[in-house]
Amino acid sequence: FFRDDVLMLAGNIADSIPRLRFALTVLRSKFRRVFFIPGNLDLWVRKATLGSIIRGEKVRSEDREFVDSLAKFLQVLKVCDELGVE
């Protein structure tokens, strides 16, 4: 498709690491180079609140994995490195 082109992504791609990995993998296969700047959605970590627990809302296992957005940011950087995304 765009094998000679460069793509610059300005964040807000996915709210979970598996979805982000999938999106970046697909885009990396289509473009010569991919640059990615994470947005707030990419780094958002949802925490369980008392209200959500009372309502029985499900907390994703990924949200329990990251202590804060900085920890998730480091994982995003790792995924980018693994995929060759700059």
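Sequence order as written defines residue numbering, which begins from 1 separately in each chain. The model is predicted, so local features are restricted to residues of pLDDT at least 70 and side-chain atom pairs to those at 80 or more, both for listing and for counting; the totals for chains, interfaces and linings are taken over all residues. Excluded from the side-chain calculations are hydrogens and water; all other atoms, namely the structure's heavy atoms, are used.

Enquirer: Tell me about unusual backbone geometry, and name the residues and values.
Expert: Even without a glycine there, the phi angle at N12 is positive, about 55°. Take N12: it is sitting in the loop between β1 (2–9) and α1 (17–30). Per-residue accessibility, obtained with a 1.4 Å probe over protein chains only, is compared with the maximum for each type, and a residue is labelled buried under 20%, exposed over 50%, and partly exposed between these values. Judged by relative accessible area, N12 falls into the partly exposed class, the value being 41%. Elements are defined by DSSP. Helices are runs of H or I of four residues or more, strands are runs of E of two residues or more, and each kind is numbered from the N terminus.

Enquirer: Which residues make up the nonpolar core, and what values do they have?
Expert: The biggest cluster of nonpolar side chains holds 16 residues, and the ones touching the most others in it are L24, F36 and V76. Elements with a contribution of two residues or more to this core: β1, α1, β2 (31–36) and α5 (69–83). Should any heavy atoms of two residues lie within 4.5 Å, those residues are considered in contact. Once residues within four sequence positions are removed from consideration, F36 is found in contact with L9, G11, I13, L20, L24, D42, V76, C80, V85 and E86. Nonpolar cores are built from buried Ala, Val, Leu, Ile, Met, Phe, Trp, Tyr and Cys residues. Side-chain atoms within 4.5 Å join them into one set.

Enquirer: Give a description of the environment of V45 that names residues and reports values.
Expert: Structurally, the position occupied by V45 is in the loop between α2 (40–43) and α3 (50–54). Each C-alpha atom, one on V45 and one on L70, is 9.5 Å from the other, the two residues being 25 residues apart in sequence.

Enquirer: So, the side chain of K72: which residues are in play, and what are the values?
Expert: When you line up the elements, K72 lands in helix α5. Overall, K72 belongs to the buried group, its relative accessible area being 0%. Here a polar contact is recorded for every N or O atom pair within 3.5 Å, except that within protein the pair must consist of a potential hydrogen donor and a potential acceptor, and residues adjacent in sequence are included only if both atoms are side-chain atoms. In terms of polar contacts, K72 uses its side chain to reach the backbone carbonyl oxygen of D15, at 2.7 Å.

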